Structure formats: C-alpha cells, structure tokens
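Examining the three-dimensional arrangement
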Amino acid sequence: MDWEKKYQELTAGNYAFGDRPVVGITANFGEYGSQLAEAYYESVRQAGGVPIIIPASDNIDDLEYILRRLDAIIFSGGGDINPLLVGEEPIPELRSITEKRDVQELVLMRRAVDKQMPVLGICRGIQVMAAALGGKIYQDIGNPQNCAASKSVLKHSQQAARHIATHSVAIEQGTVLHSIFQTAKLEVNSFHHQAVAVPPCGMRVVAQSPDGIIEAIESTEHKPIVGVQWHPECFCVLYDNPMQPLFRWLVGEAQKYREAREIHRRVLTLDTHCDTPMLFDQDIDFAQRDNRLLVDATKMRDGGLDAAIMVAYLPQGNRDDASLLQATREAHKLLDGIEKRIAGAPMVGLADTPNDLLRLKAEGKLAIMRGIENGYAIGKDLRNVEAFRKRGVVYMTLCHNGDNDICDSAVRTNDENGGLSPFGREVVREMNRVGMIVDLSHAGKRSFYDAMEVSATPIVCSHASCRAFCDHPRNLDDEQMRALARTGGVMQITLYPGFLRKDGEATILDAMAHLDHAIDIMGLDHVGIGTDFDGDGGVIGLSHAGELINFTRQLLNRRYSVPDIEQIWGGNFLRVMNIAQNTK
C-alpha cells in the first residue's frame, strides 16, 4: 500500500541527533529595518547552537512556519512595549515603542510556549514574557505612582561599558537559574527603565536586585522558560564569560527539544484514554485550539500527539430496564458526537485498527479511536457488545465508579457480584469474540482477577497508576501489576492527580515516578500513558495535549532509548489491540 511505503520512509534510518540545534533570535527595528547586536548570535554560536535572526515584522502569518524550524527562541532587548496592547494607558515616562515588534513578539511568545519550546527572554524579552503570558510590567521603575520599588537606590541604566557588571542580583536556591550559575549572588549589567511587576501564572520570581526589582523569572511547571532583566549576551567579549552557562543551558534544552520532536516525527504516539466527548455537546470546533478542551487538533499537533482514544463515558446510574436502555442510547449519542466533530476536522481521521493509525500518520493526519467507559452502556443485552464494536469501539471498561451488572467496582462498591458476575463472564467472552479489548480500569480487585482468568486475550488498564506510590483503590498494587504482565497485558499511567499522590499538587515528576515503578515491577513491554484529559486528568507540566512532548523529554532525561520510548508511547498497547482484533 502507498501509506505503508510512506510510513516506512518516515521511520527509516537511525535516530541521528548530532545536528546542532537552531536558535531563533528576535531582531530589533531601526532606521535601516531589522537589526541585531552581534553579541546575541555570537553567544549562541559560542554555546554550540546555530543562530537564526527573526526579522521584526507586523506580519504574523509566517510565525507558525518559522517556529516549526526552530529548536529554541531568544527574545532580545529593545524599546518599550505599547501599553495599549496590555490594557493600560501610557504614563509620561514611557519611551519609544517599537510597533514592528510588539504584536509579533506577543503572539510569538504565546505560540512558542504553547509548543513547549525552550525560551530565553532578555531585558525587553522578560517583559514580553510577562505581558504575553498574563503578568504585569512597570512602565517605568522610577515613577512612584507606577512602581512600588521606585525608591530604588540602584542605577538600572548604566553608563559603563555594556560588558561591565554594575550591580548584583540574589538568586533563589533550588531554581533552574541557580543550577545554571551555581551561585546565590551574580553580578550583572543593567540597561532598563521598565521591569516585571507581577510574573505570569506558571512562573515565579527567581532573582532580584538589592532594591527589590525583579531580575529573573522562570517556569514553575518544569518547562525550559527563563527570563532575565540584564543583558547576558554583552559578556561574550570576555575570555572568561560569566554568562555563557545561560546560553549553554538554552542550547542544551534546544537539543533535547530537537530530539523529542524527531522522535515524535518517527514514532506513533497514542494517548489511550481521554473524556473529551463529554464536552462535544457545546459549540466546539475540534479542528481549532479551544481553551474549553484539553484535547483538540491544535493541541495534539503542538504536543506531538498522533492519536487518542476518546471514550463515551457513562456515570453509573440506575439499573432498571428503562435506565439501562437510556444508557445504551447515551453511549450511541456520545459516539455520534465523536464522529461529527472529527468529520469537521479535515486533518483528523477515525481509526478502528492499528493499521489505520499507521496509515493516518503516514498521511500526515491525526487519529481518533473510540472507546466506552463503563459497561453499563450495554445494559443486559449481550448483542450490544458486537453493535458497539461494529461502530469502531476498540475497548470497553467493564465498570466505572459503582457496581453494575457485569462486575464490582474498585470504589462505591457493595461487592454485590463477588467480582465478575455470570453475565460479566459472558460479556468478557463476547468481547473476545468480536475483537474488543477488555479494560479493567475502575474494576475491583476480585473483578480484575476474574476477568483476567476468563479473557482469552490480554487485558488492559487504559488509565491507572501505582498503589505503592498512592494508596487509592483505583490504583493497581504490585501483585496485580505482575499478574497483568504475566498475561501479556498493559497498564497505562494516568494523569489524574488524586491517583498520583495523596497530598500536595501532582506534577509531571509524579507521573514519571509511577511510570518508572511500573517498569520496575512489570517490565518495559507492559506500560504506556492514558492521560484522562477532559475527565479531570492533567498535572503540572502535563496539563493538556499540547504539553505531551514534555513526557518524551522526561523519558529522554531518564535515558530511555528510542525503541523503549516507541513501546511506551503506544507500541505496547497496540500489540494488545492487534492480539484482540486478530483472535476473534
């Protein structure tokens, strides 16, 4: 087939990551058009990167094209930001603005962050960072009505040569900036009259001058985003450049980003569980970025996610005949919603098989598979299993929260069936017969072992986590995980915060700890990721589909090989799907 040839070409060859990363630098705008001080691109070269200058322009149509070719971006220094663009009126101390840069850089900053690209903001660049991402800036730090720190005794616009340090900054310990410079006190130069007043959400102050001016901010979400108020590039003329570690950090992060993107280009990436169809009754265009959704086509592209299994989710309800019939109708309605939304997104296709996923990737399209969350959807009618499979449903969880006619749940249970009911055993056999995967996410422990005994094909937990790390009845204990691996099944780590930790705010590092533990217990061939996005899933650093490339970054940081990453990102789950669909 043509698509098979395309896919082989896409994935052919070795994963060679030797190319130097490309770092874009925004240009200033002057009398002769776009211009940039030599120190910026020389600093990038000295750090091992390839600098590319982004010309100043009020045309933003080319920005996506530019970003696709960069591995990191530096927002350089320059004039003031037009306060009207951030909802403020100008004060008398406002200096010249650069109309050619403002709109372009605000959009460029947002899109670079959307794509999880490494970003360094320098002087004006840190102010663009704050303005673009929802923070606040002082129009003039010397104006007492504008700036709480206006009684400063420090000179922030030096007359000394640009490579001379004229004041110090205190760096918070335990920060990325501290790890870069390995010091709590750094001497810097200073050429500014504006500054960050309030950092945007998701960022924190990590360095200040003695008079309280914010001198650096960085991401609190384990993302490579740093802004500094001084001009580190100016020190590149010194033999012993004290600022070179900052540029080496950026180029190093750019290299990781480049490697992660290359992996996503070649490897099929699959999120095995999201609840997005619950929101499809709203006026939503799945093809566009929509802040009401954690999974849409734009976020999937940004995060390098090729495919997702969207489920028709049914909360457990009454089990009289009328309620069961309504549950079946609701499941069909949700599946209708998936099909309608995908039909309206030209670059997204529906998939029923692993081959469909590979074909769509080869065609440059995203893929959506269908699942059912809660066997309540079939009522007591076994014929519904085949009917849903014919609609493209690839898996069904036997239950949700609460017992049903199939089995007992892990939570809100009365243990009424003692595990899998006699009807439940028929359901599992019928799922085997029609080629539908048995999903034991949400199932109680006795239901788990009963279904594993009955099923002729491996089972899955499409969204689950480790009980050893978070003692929740929805999570699997080590013995369940070993049993799952022995029978060839897979466990997909979920991003539901309450399943990752009992207290505190869950982050990407918690998710990775669960994954590492699952691999230690089960082996690498039995794990993956099922985010539970749009079903309350999402943690700091992995809060929506657009951030999923960060999962790959973390895998690379932990030195998983590319073949390992391919298995984790969907290969293991698709192995089980192939078995289920070809054993019927």
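Refer to the structure printed above.
Values in this document were obtained by computation on a predicted structure and should not be read as measured data. (Residues numbered from 1 in each chain as written. Predicted model: local features only at pLDDT ≥ 70, side-chain atom pairs only at ≥ 80, totals over all residues. Heavy atoms only, no water.)

**What to know about the nonpolar core**
The tendency in soluble globular proteins is for nonpolar side chains to be buried as a group. Core analysis: the largest hydrophobic core is formed by 120 residues, its most contacted members being Phe 286, Leu 398 and Met 491. The leading source of residues in this core is helix 15 (residues 508–522), at eight residues. Excluding residues that lie within four positions of it along the chain, Phe 286 makes contacts with Phe 280, Leu 293, Val 295, Asp 296, Ala 297, Met 300, Met 310, Arg 341, Ile 342, Ala 345, Val 348 and Ile 368. Core analysis: the second largest hydrophobic core is formed by 32 residues, Ile 25, Ala 72, Val 206 and Val 226 among them. (Core = buried A, V, L, I, M, F, W, Y, C linked by side-chain atoms within 4.5 Å. Buried < 20%, exposed > 50% of the residue type's maximum accessible area, 1.4 Å probe, protein only. Helix = DSSP H or I, 4+ residues; strand = E, 2+ residues; numbered from the N terminus. Contact = heavy atoms within 4.5 Å.)

**Points about empty space enclosed by the protein**
Within the structure shown, the criterion is met by one cavity of 30 Å³ or more. Its boundaries defined by the atoms lining it, the largest cavity holds a volume of some 40 Å³. Every residue along the wall of the largest cavity is listed here: Leu 324, Gly 375, Tyr 376, Gly 379, Asn 404, Asp 405 and Ile 406. Considered class by class, the residues forming the lining of the largest cavity number three nonpolar, three polar and one charged. (1 Å grid on protein atoms, 1.4 Å probe; cavity = no way out; pocket = protein on both sides within 12 Å on 5 of 7 lines; lining within 4 Å. Points joined across faces, edges and corners; volume = space filled by probe spheres on them. Nonpolar A, V, L, I, M, F, W, Y, C, P; charged D, E, K, R; others polar.)

**A look at the sheet that holds strand 4 (residues 50–54)**
Ordered by their spatial adjacency, nine strands build an open sheet running 4-1-5-6-13-12-11-8-9, and the pairing between neighbours is mixed. Each having just a single partner strand, strand 4 and strand 9 (185–188) make up the two edges of the open sheet. Within this sheet the neighbouring strands show an average axis-to-axis angle of 25°, counted without direction. Pairing analysis gives five bridges linking strand 11 (residues 203–208) to strand 12 (residues 214–219), with the strands arranged antiparallel. The residue of strand 12 that forms the bridge with Gln 208 is Ile 214. Strand contacts of helix 2 (residues 38–46): strand 1 (22–26), strand 4, strand 5 (72–75) and strand 6 (119–122), with the helix running at about 155° to strand 4, the strand carrying the most contacts. Across the sheet, helix 4 (residues 99–114) touches strand 1, strand 4, strand 5, strand 6 and strand 13 (225–228), and the angle it forms with strand 5 is around 145°. (Pairing = 2+ DSSP bridges. Axes fitted to C-alpha atoms, helices over the stretch in contact; angles between N-to-C directions.)

**Observations concerning a nonpolar patch on the surface**
Nonpolar side chains collect at one region of the surface, where Ile 60, Leu 85 and Val 103 lie side by side and expose about 210 Å² of accessible area between them. Note on placement: Ile 60 falls in the loop between strand 4 and helix 3 (63–67). (Patch = residues over 30% accessible without salt bridge, like charges linked within 9 Å, V, L, I, M, F, W, Y side chains within 5 Å. Areas by Shrake-Rupley, 256 points an atom, 1.4 Å probe, with all protein chains shown as cover. Salt bridge = Lys/Arg side-chain N within 4 Å of Asp/Glu carboxyl O.)

**Quick look at the layout of surface pockets**
Taken as a whole, the largest pocket spans an internal volume of roughly 800 Å³. For the lining of the largest pocket, the elements supplying multiple residues, two or more each, are helix 3, helix 7 (244–266), helix 8 (297–303) and helix 10 (354–362). Among the elements that make up the lining of the largest pocket, the one with the highest residue count is helix 7 (eight residues). The calculated volume of the second largest pocket comes to roughly 470 Å³. Lining the second largest pocket are 25 residues, with Gly 77, Gly 78, Arg 162, Phe 191 and His 231 sitting closest to its centre. At the level of elements, helix 2 and helix 5 (124–133) are the ones that each hand at least two residues to the lining of the second largest pocket.

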